[in-house]
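What follows is each chain in one-letter form.
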Amino acid sequence: MGSAVSDGRVSGGRVVSLDGIRGIAALFVMVYHLPLIFGFAISHAYLAVDLFFMLSGWVMAYSYAERIREGMAFRQFALQRFARLYPLYAVALALGSAFALVKYLFGTPTAATLACFVPNSIMLPCMLDDPENFPLNRPAWSIFVEVAINLAWYFVVRHGMSTVRWKFAWHLGAVLLCWGAALMAERFLRGYTPADVHEGLLRGLLGFSAGILLFHYRKQAWILAYFAALSLAVLLVFARKGQSVDLMLHVVAIMALFPALLWLLAAIRPRILEGKVSAFLGDISYAVYLLHVPLGLILINPLLRLIPGAGLAPTAVRAALFTAVLIALSSLSYHRLEKPARRWLVARYGKPGRPMGAAATP
């Protein structure tokens, strides 16, 4: 990949504004998962994952749809996704596993968690008696969803089921399945425990199919009316069934606000979000997302000892120090691990593909 930014604007087909919003969303998830470090929590920051799924659909449509229709082999497609996602995933898993092993050696019960290393090492959820299906690095559940949907989507495109009618059919089906399941559960869907793996897949399908549609109609504003109308329809059903206001706010965010945000950023490309800062945030977003939990587990006690106290000042210092370390490691990961590993794997096991701008995941 060459220079991502030229004159503060987009280059090479990359919409830097979308990269920037992905990076910001990853930072929100970081704060959500680490309230002991940041001193507060952003209650609904987990919805950033649904935004990531939507961005994934957009980027996959841009980067791969045409190549798949032209005959790109499944092996090559799978290699491209593996080379992009797995090297950092493996490092983050190793960090989480090392932390769990140390806890186990010092007498903390973590047997089930350590047993999850085997399925988690191949990006599969752990179905053992554990509170989470990716206990060694909890954000990894969405990477499993990402991979599963990406691989299924390849065959959808390859078998000609990616025409405009099919795109609407997939999205409408996802809307019915996702919100129908939420209606029956009387809560928003999860995806990070062994009992609700299917819920994560439904969330991924909903966001991914929306991203595919948004990319297809990226120059036609009427698509926002489609999303608004669907959002209203779901809200009316939920109101009639007496669902909570909180669940209906989830509908508004995922069905109306997120699609509008993506479409507008891609259409307007505001200069403030089209510069090098946004490009940098997009580059490191995947590492921020995958590294913040294991790094937080490793650093929380040293930070509390180094900077004791529960007041605003020590909390702010701990938060700033942790964020700086995470961003530095994420930048190092992008330039010294992710890019070189991807180049090597593709060169070693497949033919180089068309350059991609943004990562398909945070």
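Predicted, not measured: the structure shown is a model, and the values here were computed from it.

**What about the overall build of the protein?**
Then, in step 1: Counting its secondary structure elements, the protein contains 14 helices and 2 strands.
Then, in step 2: Whereas a compact globule of 362 residues would reach a radius of gyration of roughly 21 Å, the protein reaches 20 Å, a difference of no more than 12%.
Then, in step 3: Its C-alpha atoms give the protein principal-axis dimensions of about 55 × 55 × 40 Å.
Then, in step 4: Taken over 362 residues, the protein has a buried fraction of 53%.
Then, in step 5: In the form shown here, the protein has an accessible surface area of approximately 16400 Å², with 69% of it arising from carbon and sulfur atoms.

**Quick notes on helix H10 (residues 197-216)**
Then, in step 1: Given a rise of 1.5 Å per residue, 20 residues ought to cover 28 Å, and the 29 Å separating the end C-alpha atoms of H10 matches this to within 8%.
Then, in step 2: Burial of H10 is extensive: 16 of the 20 residues sit out of reach of the surface.

**Describing the pattern of salt bridges**
Then, in step 1: Scanning the entire structure with this criterion turns up 6 salt bridges.
Then, in step 2: In this structure, Arg 84 engages Glu 338 in a salt bridge whose closest nitrogen and oxygen atoms are separated by 3.0 Å. With a gap of 254 residues between them, Arg 84 in helix H5 (residues 74-105) and Glu 338 in helix H14 (residues 312-349) connect regions that are remote in the sequence.
Then, in step 3: One salt bridge connects Arg 190 with Asp 196, and the closest N-O pair in it is separated by 3.1 Å.
Then, in step 4: Asp 196 sits in the buried class, given a relative accessible area of 2%.

**A few points about unusual backbone geometry**
Then, in step 1: With phi around 65 degrees, Met 123 is a residue other than glycine that occupies positive phi space.
Then, in step 2: Structurally, the position occupied by Met 123 is in the loop between helix H7 (117-121) and helix H8 (141-158).
Then, in step 3: Phi angles above zero are rare outside glycine, and Arg 269 is one such case at about 50 degrees.
Then, in step 4: Judged by its relative accessible area of 26%, Arg 269 falls in the partly exposed class.

**Re helix H1 (residues 16-33)**
Then, in step 1: Counted at 1.5 Å a residue, the expected span for H1 with its 18 residues is 26 Å, and the 26 Å between its end C-alpha atoms agrees.
Then, in step 2: The buried fraction of H1 amounts to 13 of the 18 residues, a majority that puts the element mostly inside the structure.

**Digging into a nonpolar patch on the surface**
Then, in step 1: On the surface, Leu 101, Val 102, Tyr 104, Leu 105 and Phe 106 cluster together into a nonpolar patch covering about 580 Å² of accessible area.
Then, in step 2: Mapping Val 102 onto the fold places it in helix H5.
Then, in step 3: On the accessibility criterion, Val 102 (44% relative accessible area) is partly exposed.

**As for the confidence of the model for the protein**
Then, in step 1: Taken residue by residue, the protein gives an average pLDDT of 91. The fraction at 70 or more is 93%.
Then, in step 2: A low-confidence stretch, residues 1-12 (pLDDT under 50), is modelled with 31 contacts involving residues beyond four sequence positions or located in other chains.

**Concerning the packing of H1 against helix H12 (residues 245-268)**
Then, in step 1: Axis separation between H1 and H12 bottoms out at 8 Å; the angle between their running directions is 140 degrees. When the axes of H1 and H12 are compared, the pair comes out oblique. Seen from H1, the contacting residues are Ser 17, Leu 18 and Ile 21; seen from H12, they are Leu 261, Leu 262, Leu 265 and Ala 266.
Then, in step 2: Residues belonging to the contact of H1 with H12 are distributed by class as follows: 6 nonpolar, 1 polar and no charged.

What counts and what doesn't
- Residues numbered from 1 in each chain as written.
- Predicted model: local features only at pLDDT ≥ 70, side-chain atom pairs only at ≥ 80, totals over all residues.
- Heavy atoms only, no water.
- Helix = DSSP H or I, 4+ residues; strand = E, 2+ residues; numbered from the N terminus.
- Rg over C-alpha atoms; globule rule 2.2 N^0.38 Å.
- Buried < 20%, exposed > 50% of the residue type's maximum accessible area, 1.4 Å probe, protein only.
- Areas by Shrake-Rupley, 256 points an atom, 1.4 Å probe, with all protein chains shown as cover.
- Expected span 1.5 Å × (residues − 1).
- Salt bridge = Lys/Arg side-chain N within 4 Å of Asp/Glu carboxyl O.
- Patch = residues over 30% accessible without salt bridge, like charges linked within 9 Å, V, L, I, M, F, W, Y side chains within 5 Å.
- pLDDT = per-residue confidence, 0-100.
- Contact = heavy atoms within 4.5 Å.
- Axes fitted to C-alpha atoms, helices over the stretch in contact; angles between N-to-C directions.
- Parallel < 35°, antiparallel > 145°, perpendicular 65-115°, else oblique.
- Nonpolar A, V, L, I, M, F, W, Y, C, P; charged D, E, K, R; others polar.

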